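# Secondary and tertiary structure notes
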Amino acid sequence: MDKRVDILIVGGGPAGLAAAVAAKKSGADRILILERDEELGGILNQCIHNGFGLHTFKEELTGPEYASRYIWQVEELGIPYLLQTIVIDISASEAVKLVTAINKENGIFTIEAKAVVLAMGCRERSRGALNIPGYRPAGIYSAGTAQRYVNMEGRMPGKEVVVLGSGDIGLIMARRMTLEGAKVKMVAELMPYSGGLKRNIVQCLEDYGIPLKLSHTVIDIDGRERVKGVTVAEADENRKPIPGTEEYISCDTLLLSCGLIPENELSVGLGVSLNPVTAGPVVNESLETSVEGVFACGNVLHVHDLVDYVSEEACSAGEHAAAYARGGRPAEEHKVTLKCAGGVRYTVPSLICVERIDKEQVVRFRVGSVYKDVFLTVYYNNTVVIKQKKRVLLPGEMEQIKLKKVEMEKFPDLKTITVAIEREG
Amino acid sequence: MASMDKKELICICCPIGCVITVTSHEDGTLDVKGNSCKRGEEYANKELTAPTRIVTTTVRVRGASRPVVPVKTKCDIPKDKVMECIKALKEIEVTPPIRLGETIVANVADTGVDIVATKAVE
């Protein structure tokens, strides 16, 4: 094993794979991927449903098929990787990053890297984080855990199911459990809208007659050894249960699909600044974090709904990591801060160095609630440069806008770019 | 004026999820609006006449590191054949090696569509 590399990639899921391929293709030589599972592909291995790759490959693939396309490229390009290897610490000293990892074969070892790409993905919000009171009976799973059991390990978590949260994994699992013979009694969603894709509400719930109860939540879990049932209640506009609306539903399984949280323990240990909104690193145009030479992409940066966008983002991170490792990047002179207004929750990136943009800069963002017939407006300082009509903007669907470098160069005193949602005034 | 029936659909062809309005005329023709690509029109027509779905599930594997292999219908099948397709796949077991794209069951549930593996198993 090479103890010195140009680019070390933490995580061999969709982001890590695409970053590795892009870095190699743009000339980086010594690349190493560290992956904690026993195979490459990350979460895609358990996402056996279709719908992946429409943007990237212009065809509709399942998760494992999508992963295979990148794994083949990694193999073909001869990019080395280590499986069942967990990174436990990353530190930076001067221009060198030290990545400490563990596996069965090598024990604890440290690798010296010029650049690091963070591609650790995200975790599901757990029951503890949701504050649902009661005992700790068997039968409560995060939707993703159940997905792994069913789709990879061939085991069924239960027979009668209630799903709390209408994120895509919850919707997909409602259908999956139904196909495997379980009775899915309800999907309860605390918010007045679903966090999942509309197509999944149609093909996962409506197709199978599974009720989606918006503005509803689980307030109690019954059962000491095993879940016997849950109490669901309607929630008011402040997301508090409304007394008198309680309904008891017998079930042996509760699946939680209540959001994903970027997994940034390693980033924090390294001293990377996080954005409190995304819980992912603050990054610039190169997807470089506050620690020079450390890049981030995919769900560790901000939670995506489409893997195609993860691949695109990771490709950019890989190319920028390669440019950093090669040296000779243009000096940072013209720095611009990105701000959000009027319902835009965050932007990635949040800082742009104009010299380091190639031709255009993709800015990804999410909105905080449902907006209909609004304008997406981009201001350069106080001047409107983009105004796009949007029929509908949903919190569950990431948006993106492309900013052209030539346009930015027309504003020599450009200090802030504001992305805003506005109604016609 | 012929009586018209208006129906709103959400296209499931891709994650955009276009809201499609379909107007059925008395002479049986359909007017499709709101789709942003050709597939939406096709979907709306099918959804109102003979709805279809792609089925993804798993099949048991004997003697591999994982007990199941993911599979899919090679193309969409009639929606009312989905459960029959699932049932047919519950009854079989395959042995490695399995190539990605290999046919696992031909003509599943008499749909004329094959079930193929979506992952290789060594």
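Residues numbered from 1 in each chain as written. Chains lettered and ligands numbered in written order. Predicted model: local features only at pLDDT ≥ 70, side-chain atom pairs only at ≥ 80, totals over all residues. Heavy atoms only, no water.

## A closer look at the overall build of chain A
Looking only at helices and strands, chain A has nine helices and 27 strands in total. The globule rule puts the C-alpha radius of gyration for 425 residues at 22 Å, and the 22 Å found for chain A is close to it. Oriented by its inertia axes, the alpha-carbon framework of chain A measures out at about 65 × 65 × 40 Å. Counting over 425 residues, chain A shows a buried share of 58%. A separation of at least 24 residues holds for 63% of the contacts in chain A among residues at least 6 apart in sequence. Averaging the positions of the 50 positive and the 56 negative side-chain charges in chain A gives two centres separated by 2 Å. (Helix = DSSP H or I, 4+ residues; strand = E, 2+ residues; numbered from the N terminus. Rg over C-alpha atoms; globule rule 2.2 N^0.38 Å. Buried < 20%, exposed > 50% of the residue type's maximum accessible area, 1.4 Å probe, protein only. Contact = heavy atoms within 4.5 Å. Lys, Arg positive; Asp, Glu negative; His and termini not counted. Charge placed at Lys NZ, Arg CZ, Asp CG, Glu CD.)

## Considerations on the sheet that holds strand β15 (residues 229-234) of chain A
Residues and elements named next belong to chain A. The three strands lie next to each other as β14-β15-β16, forming an open sheet whose pairing is antiparallel. Of all the strands in the sheet, the pair left with one neighbour each is β14 (216-222) and β16 (247-250). Within this sheet the neighbouring strands show an average axis-to-axis angle of 30°, counted without direction. Where β14 lies against β15, six bridges are found, and the strand directions are antiparallel. Paired with Asp-220 across the strands is Thr-231, a residue of β15. (Pairing = 2+ DSSP bridges. Axes fitted to C-alpha atoms, helices over the stretch in contact; angles between N-to-C directions.)

## Description of the nonpolar core
Residues and elements named next belong to chain A. Counting 65 residues, the largest nonpolar core has Ile-7, Leu-8, Ile-9 and Ile-90 as its most contacted members. Tallying contributions element by element places helix α8 (residues 307-326) first for this core, with eight residues. Counting 24 residues, the second-largest nonpolar core is a separate cluster that includes Val-374, Val-378, Leu-403 and Phe-411. (Core = buried A, V, L, I, M, F, W, Y, C linked by side-chain atoms within 4.5 Å.)

## As for the interface of chain B and chain A
Taken together, the 30 residues of chain B in the interface contact 35 residues of chain A. Of all residues in chain B, B:Pro15, B:Thr56 and B:Arg66 give up the largest surface area on contact with chain A, accounting jointly for 24% of the area buried on that side. Applying the counting criterion to the chain B and chain A interface returns eight salt bridges. Note that A:Glu180 is salt-bridged to B:Lys90, the shortest N-O span being 2.7 Å. (Buried area = accessible area lost by both parts, 1.4 Å probe. Salt bridge = Lys/Arg side-chain N within 4 Å of Asp/Glu carboxyl O.)

## A short note on the domain arrangement of chain B
What the domain assignment reports for chain B is domain 1 (6-49) and domain 2 (56-117). Summarising the inter-unit geometry, the C-alpha centres of domain 1 of chain B and domain 2 of chain B are found 29 Å apart. (Domains from an automatic or database assignment.)

## Some thoughts on the environment of B:Ala88
Within the secondary structure, B:Ala88 sits in helix α2 (residues 82-90). Sequence-wise, B:Ala88 and B:Val105 are 17 residues apart; in three dimensions their C-alpha atoms are separated by 9.0 Å.

## Thoughts on the sheet that holds strand β25 (residues 383-393) of chain A
Residues and elements named next belong to chain A. If you trace the five strands from one edge of the open sheet to the other, you get β22-β20-β27-β24-β25, paired in mixed fashion. Pairing within the sheet leaves two strands with one partner each, and these edge strands are β22 (351-353) and β25. Between one strand axis and the next, the sheet turns through 20° on average, direction left out of account. Of the pairings in the sheet, the one linking strand β20 (residues 335-341) to β22 comprises three bridges and is antiparallel in character. Among the inter-strand pairings, Thr-337 is bridged to a residue of β22, identified as Leu-351.

## Quick look at the packing of aromatic side chains
How two aromatic rings sit relative to each other is given by the distance of their centres and the angle of their planes. All names here are of chain A. Scanning the entire structure with this criterion turns up six aromatic pairs over all chains. Geometrically, the ring pair formed by Phe-57 and Tyr-66 is edge-to-face, given 5.5 Å between the ring centres and 70° between the ring planes. Looking at Tyr-66, the relative accessible area reads 0%, which means it is buried. Each member of the aromatic cluster is reached from another via a ring pair, and the members are Phe-57, Tyr-66 and Tyr-70. Over the ring of Phe-57 we find Arg-69; its NZ or CZ atom is 5.1 Å from the centre of that ring. Directly above the ring of Phe-375 sits Lys-389, whose terminal nitrogen or CZ lies 5.3 Å from the centroid. (Phe/Tyr/Trp six-rings, centres within 6.5 Å; stacked < 30°, edge-to-face > 60°. Lys NZ or Arg CZ within 6 Å of the ring centre and 35° of its normal.)

## Some words on the pattern of salt bridges
Evaluated as defined, the whole model comprises 34 salt bridges over all chains. For A:Lys114, the salt bridge is made with A:Asp6, and the minimal N-O distance between the two is 3.4 Å. Of the two residues, A:Lys114 is situated in strand β8 (residues 107-118) and A:Asp6 in strand β1 (residues 4-10); the sequence distance between them amounts to 108 residues. Put simply, B:Arg66 and A:Glu39 hold a salt bridge, and the shortest N to O gap is 3.6 Å. Residue B:Arg66 is found in the loop between β5 (56-61) and β6 (68-73), and its partner A:Glu39 is found in the loop between β2 (31-34) and β3 (50-52); the two belong to separate chains. Residue B:Arg66 is classed as buried on the basis of its relative accessible area, which comes to 16%. Connected through salt bridges with shared partners, the residues A:Arg36, A:Arg123, A:Glu263 and A:Glu265 form a single ionic network.

## Description of a nonpolar patch on the surface
A cluster of nonpolar side chains, contributed by A:Ile86, A:Ile88, A:Ile102 and A:Ile108, occupies part of the molecular surface with about 360 Å² of accessible area. Along the chain, A:Ile86 falls in strand β6 (residues 86-93). (Patch = residues over 30% accessible without salt bridge, like charges linked within 9 Å, V, L, I, M, F, W, Y side chains within 5 Å. Areas by Shrake-Rupley, 256 points an atom, 1.4 Å probe, with all protein chains shown as cover.)

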